[in-house]
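Listed below, chain by chain, are the residues.
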Amino acid sequence: MLREEVRQDLLKCDDDRAAGLADRVRDVEDESLATLIVDLDLADTDRDLEELQDVEAALARVREGTYGRCMRCGEPVPFERLNAYPTAKRCRTCQVLQEKTFASKAVPTL
Ligand SMILES: [Zn+2]
């Protein structure tokens, strides 16, 4: 089952944050990755596919050792944010910037 695979992958990782996340994955009551994955088991809409891709991307980052780091600035993503959004790719600051960029029709910033 996907949830267990995610948990095993996270447990293999040395990162304390990933280990903490593994504990959360085990707790199906939790509104984080566990809920996300339970939802994925129940439906296969495009939105869920996107979420699945987010999960897979997060796992790829765990394997690469970049999990928990902001893709944009490279700074560690705060633990609270990872707890709330286990698949977060960016720190809050960069996420806000990203959303602003999208909101303004993604004008290239070169
Ligand atoms: Zn950032």
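Residues numbered from 1 in each chain as written. Predicted model: local features only at pLDDT ≥ 70, side-chain atom pairs only at ≥ 80, totals over all residues.

Side note on the overall build of the chain
Rule in force here: Only DSSP runs of H or I covering at least 4 residues are called helices, and only runs of E covering at least 2 are called strands; the numbering of each starts at the N terminus. Partly exposed residues are those whose C-beta has more than 12 but fewer than 20 other C-beta atoms within 10 Å; with 20 or more the residue is buried, with 12 or fewer it is exposed, and the C-beta atoms are placed from the backbone.
When its secondary structure is counted, the chain shows six helices and zero strands. Taken over 110 residues, the chain has a buried fraction of 22%.

Section: the environment of Asp9
Where we set the bar: A pair of residues counts as a contact when their C-beta atoms, built from backbone coordinates, are within 7 Å of each other.
Assignment of secondary structure puts Asp9 in helix α1 (residues 2–12). Residues Asp9 and Leu59 lie 50 residues apart in sequence; the distance between their C-alpha atoms is 7.2 Å. In this structure, Asp9 is in contact with Leu59 and Val62, ignoring residues within four places of it in sequence.

Some details on the nonpolar core
Formally: For the purposes of this analysis, a nonpolar core is taken to be any set of buried Ala, Val, Leu, Ile, Met, Phe, Trp, Tyr and Cys residues that are connected through C-beta atoms within 7 Å.
If you look at the biggest cluster of nonpolar residues, it comprises five residues: Cys70, Val77, Leu82, Ala88 and Cys91. Non-local contacts of Ala88, meaning those with residues more than four positions away in its chain, are made with Val77, Arg81 and Leu82.

Quick notes on the environment of Cys73
Note that Cys73 resides in the loop between α4 (46–64) and α5 (79–84). Among the residues examined, Cys73 registers 13 C-beta atoms within 10 Å and is labelled partly exposed. In this structure the C-alpha to C-alpha distance between Cys73 and Cys91, which are 18 residues apart in sequence, comes to 8.2 Å.

Brief notes about helix α6 (residues 92–103)
So the rule is basically this: By this rule the span expected of a helix is its residue count minus one, scaled by 1.5 Å.
A rise of 1.5 Å per residue sets the reference length of α6, with its 12 residues, at 16 Å; its end C-alpha atoms lie 16 Å apart and thus fit the reference within 8%. Where burial is concerned, little of α6 is hidden: zero out of the 12 residues are buried.

A word on the confidence of the model for the chain
Should the pLDDT be low somewhere, the predicted coordinates at that spot are not to be read in detail. For clarity, the threshold we go by: Values of pLDDT, ranging from 0 to 100, describe the predictor's confidence in every residue of the model.
On average, the chain scores 73 in pLDDT, and the residues at 70 or more come to 54%. Averaged pLDDT values for the elements of the chain fall to 52 in helix α3 (residues 33–42) and rise to 88 in α5.

Describing the environment of Glu51
Among the secondary structure elements, Glu51 is positioned in helix α4. Along the backbone, Glu51 and Thr87 are 36 residues apart, and their C-alpha atoms lie at a distance of 8.7 Å.

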